[in-house]
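Reading the structure
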Amino acid sequence: MSRLISRFLPVWGTTAIITPLFLGTFADQSFALNLSRLGTYVSPSDAGAAEISAYDPISQSLFITNASTNSIDILNISNPRTPSLISSIDLNPYGAGVNSVAVRNGLVAVAIGSDPITDPGTVAFFNTTGNFLNSVTVGALPDMLTFTSDGTRVLVANEAEPYPLSINPTTDPEGSISIIDLSGGVGSATVNTAGFASFNSQKTALQAAGVRLFGQNGNATVAEDVEPEYISISQDNQTAYISLQENNALAVLDIDSATITNILPLGLKNYNLLGNALDPSDRDGGININNWPVFGMYMPDAIANVEINGQTYVITANEGDDRGENERIKDITLDPTVFPNAAQLQEDENLGRLNVSSVDGDIDGDGDYDQLYAYGGRSFSIWDANGNLVFDSGDAFERITASLVPSLFNSDETPSSFDTRSDNKGPEPEGLTVGQIGERFYAFIGLERTGGFLTYDITNPFNPTFVTYTRTEGDISPEGVLFIPEIDSPTNRSLVVVTNEVSGTTTIYAATTPEPTTGLGLLVLGVGGILLKVKKKRS
């Protein structure tokens, strides 16, 4: 089978800035964006020392989850070029593992899991100097939390992972959303829980629609099977959108009534269509991005929402995740009618090494696989408020990284691990945030494996434009991406903060509209029909 091999381009300096001149149609460069690194804080702790961050504009402090020490590290970023540690909040008295942090109106909320993780978790509240104020009990494994914009409520995604992580666990708590009411003050906080039990009777219909419900060997209820991962709250604080990652779905929450009103299946991505190619093998001798007879399950991790021209859009980072049900294609039986070239497809250098779901794809129930469902979309997507796909970035992430950081293509962010992730979610987009700069809206998407983050102009949700790919040497495995608008920024310029799990680094970037170029230090080249402008970043 013929293969497409992308051309390679070296990256200069410690930070690469890559901007498109042409992507199907000419992009208006007046809407381009410059991202320049200001400073980096390096935690002395082990891996996991920088995962999720939140910002308080009053104290000009960052609050960073440190899973290595089960603490919150408080950084002074009044000068973002020299971020420094102020103090740390020890969370061991409140739970076994920090998962998320959020800040609003001088109040710090922290989601903390228990040991075992299937027990109810805790949300602890502190002031911005780290003094404990109160704590409340929430659902099992609170994975992410966020304030409403008015600060009166905190929403918590209780992921409720089964234990052990498999399709036949011994314990499988129910997923839920906890709504913490702070209107009477943090000392009088109350908790209301939005569960999924009302959908238990709709399990068959949800499965037929495409919601993945397969836990306990298919015997789990809907409430047990769903795993809320990430929450995004609408501008009017009335509705929340929740990613159900392993279920390949979004949930919709009416906040006032604490009711889950809908579960929206996200469907499948066809990797056999033009613009949806992938590299599925870590044993194919290099970068080979092609179409294959495989479907991708979007399975988003981080999500955001934005209102543009009066319409709400949900933006997702399509990471993918499994619960131990994955198998390599070479180890399953393919339907001989659908896949007459099964032996060739199952070779290691083709599809044989690709991890796919063993609980999906046997359409006719005869024991062999009629369709192949891989994890994640290797992309970001935009959906309307009803869960209809508006845009997907297709194979752009793999093509961009293949061209700009070829030695790190589908790697664990080291040249020695080049191509090792091609058989398992590729560049693995995970962290995501959306910010408005001037009249333009931008999405910033972190690549957990390849590293760095991509910026897209999403002002037209139906036709986003790739703006830049930014990567700083030494930052490994971005977990969280945070946007600080200029009105809250200590520099009066919009900032992007990236927390990197493996390296334990927190890097701050300035996001500004560009100065007119002088024509120096620019290189124009063609990559897969896309012209890219590469500008060396001066330190």
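First things first, this report covers the structure right here in the doc.

Calculation criteria
Residues numbered from 1 in each chain as written. Predicted model: local features only at pLDDT ≥ 70, side-chain atom pairs only at ≥ 80, totals over all residues. Heavy atoms only, no water. Helix = DSSP H or I, 4+ residues; strand = E, 2+ residues; numbered from the N terminus. Buried < 20%, exposed > 50% of the residue type's maximum accessible area, 1.4 Å probe, protein only. Contact = heavy atoms within 4.5 Å. Areas by Shrake-Rupley, 256 points an atom, 1.4 Å probe, with all protein chains shown as cover. Pairing = 2+ DSSP bridges. Axes fitted to C-alpha atoms, helices over the stretch in contact; angles between N-to-C directions. Core = buried A, V, L, I, M, F, W, Y, C linked by side-chain atoms within 4.5 Å. Phe/Tyr/Trp six-rings, centres within 6.5 Å; stacked < 30°, edge-to-face > 60°. Lys NZ or Arg CZ within 6 Å of the ring centre and 35° of its normal. Salt bridge = Lys/Arg side-chain N within 4 Å of Asp/Glu carboxyl O. Polar contact = N/O pair within 3.5 Å; in protein donor to acceptor, adjacent residues only side chain to side chain.

**As for the overall build of the chain**
Each helix and strand counted, the chain has five helices and 37 strands in total. For the chain, buried positions account for 59% of its 539 residues. Summarising the internal contacts of the chain: among those between residues at least 6 apart in sequence, 56% fall at separations of at least 24. Element-wise, carbon and sulfur atoms account for 48% of the exposed surface of the chain, whose accessible area totals about 20000 Å².

**Quick look at the sheet that holds strand β5 (residues 61-66)**
Taken in spatial order, the four strands line up as β4-β5-β6-β7 in an open sheet, and their pairing is antiparallel. Every interior strand has two partners, whereas the edge strands, β4 (53-56) and β7 (84-90), have only one. With direction set aside, neighbouring strand axes in the sheet form an average angle of 25°. In this structure, β5 lies alongside strand β6 (residues 71-76), joined through six bridges in antiparallel fashion. Bridge assignment links leucine 62 to a residue of β6, and that residue is leucine 75.

**Some thoughts on the pairing of strand β9 (residues 107-113)**
With seven of its seven residues buried, β9 lies for the most part within the structure. The pairing of strand β8 (residues 97-104) with β9 spans seven bridges and is antiparallel. Its bridge partner being in β9, valine 98 is matched across the sheet by isoleucine 112. In this structure, β9 lies alongside strand β10 (residues 120-127), joined through six bridges in antiparallel fashion. Paired with alanine 109 across the strands is phenylalanine 125, a residue of β10.

**Re the nonpolar core**
In terms of nonpolar packing, the biggest core is built from 28 residues, with Phe380, Tyr456 and Ile458 touching the most fellow members. With residues up to four places along the chain from it excluded, the contact list for isoleucine 458 reads Val306, Ile308, Ile315, Phe380, Ile382, Val434, Phe441, Tyr442, Ala443 and Pro464. If you look at the next biggest cluster of nonpolar residues, it comprises 26 residues, including Leu206, Val226, Ile231 and Ile233.

**What about the sheet that holds strand β13 (residues 153-158)?**
In a beta sheet, neighbouring strands pair by backbone hydrogen bonds and run either parallel or antiparallel. Across the sheet, which stays open at both edges, the four strands sit in the order β12-β13-β14-β15 with antiparallel pairing between neighbours. The open sheet has two edge strands, β12 (142-147) and β15 (190-195), and neither has a second partner. Each adjacent strand pair in this sheet contributes to an overall mean axis angle of 20°, direction not counted. Judged from the six bridges that link them, β13 and strand β14 (residues 176-181) form a sheet pairing that is antiparallel. When the bridges of β14 are listed, alanine 157 appears paired with isoleucine 177.

**So, the packing of aromatic side chains**
Following the criterion strictly, the structure yields 15 aromatic pairs and no others. Ring centres 4.8 Å apart and planes at 55° place the aromatic pair phenylalanine 380 and tyrosine 456 in the tilted group. Placement of the pair is phenylalanine 380 in strand β27 (residues 380-384) and tyrosine 456 in strand β31 (residues 453-457), with a sequence separation of 76 residues. Both residues of the pair, phenylalanine 380 and tyrosine 456, count as buried. With centroids separated by 6.2 Å and ring planes inclined at 50°, the aromatic side chains of phenylalanine 397 and tyrosine 456 adopt a geometry described as tilted. Taken as a pair, phenylalanine 397 in helix α5 (residues 396-404) and tyrosine 456 in strand β31 lie far apart in primary sequence, 59 residues in all. Across this residue pair, the class does not change: phenylalanine 397 and tyrosine 456 are buried. Across from the ring centre of phenylalanine 214, 4.3 Å away, lies the NZ or CZ of arginine 323, which sits over that ring.

**Observations regarding unusual backbone geometry**
Proline 116 follows aspartate 115 through a cis peptide bond whose omega is 10°. Note on placement: proline 116 falls in the loop between β9 and β10. Residue proline 164 follows tyrosine 163 across a cis peptide bond; omega there is -10°. Along the chain, proline 164 falls in the loop between β13 and β14. Backbone geometry places arginine 378, a non-glycine residue, at a positive phi of 50°.

**A closer look at the pattern of salt bridges**
On inspection of all chains with the given rule, the structure shows 19 salt bridges. Salt-bridge contacts for aspartate 392 lead to lysine 269; the nearest nitrogen and oxygen are separated by 2.8 Å. Separated by 123 residues along the polypeptide, aspartate 392 in strand β28 (residues 389-392) and lysine 269 in strand β20 (residues 268-270) bring together distant segments of the chain. Of the residues examined, lysine 269 reaches a relative accessible area of 1% and is grouped as buried. Shared partners join several salt bridges into a network, and the residues in it are Asp412, Arg421, Lys425, Glu428 and Arg449.

**So, α5**
An α-helix turns once per 3.6 residues; consequently, residues spaced three or four apart project the same way. Of all nine residues making up α5, nine are buried, and the element is well covered by its neighbours. The complete set of buried residues in α5 reads Ala396, Phe397, Glu398, Arg399, Ile400, Thr401, Ala402, Ser403 and Leu404.

**Some remarks on the side chain of arginine 378**
Here arginine 378 shows up in the loop between β26 (373-375) and β27. On the basis of relative accessibility, which here comes to 4%, the residue arginine 378 falls in the buried class. Within the structure, the side chain of arginine 378 is placed 3.1 Å from the side chain of glutamate 398, a separation counted as a polar contact. For arginine 378, the side chain forms a polar contact with the main-chain oxygen of serine 422, separated by 2.7 Å.

**So, the pairing of strand β29 (residues 429-437)**
Taken across its nine residues, β29 has eight buried, putting it largely inside the fold. Summarising the sheet, β29 and strand β30 (residues 440-447) pair through seven bridges and their orientation is antiparallel. Pairing of proline 429 across the sheet is with leucine 447, part of β30. Joining the antiparallel neighbours β29 and β30 is a turn of two residues, in which glycine 438 adopts a positive phi near 65°.

**A few points about the side chain of threonine 65**
Among the secondary structure elements, threonine 65 is positioned in strand β5. Those residues in contact with threonine 65 that sit more than four places away from it in its chain are Gly48, Ala49, Ala50, Glu51, Ile52, Ser71, Ile72, Val98, Asn99, Ser100 and Val101.

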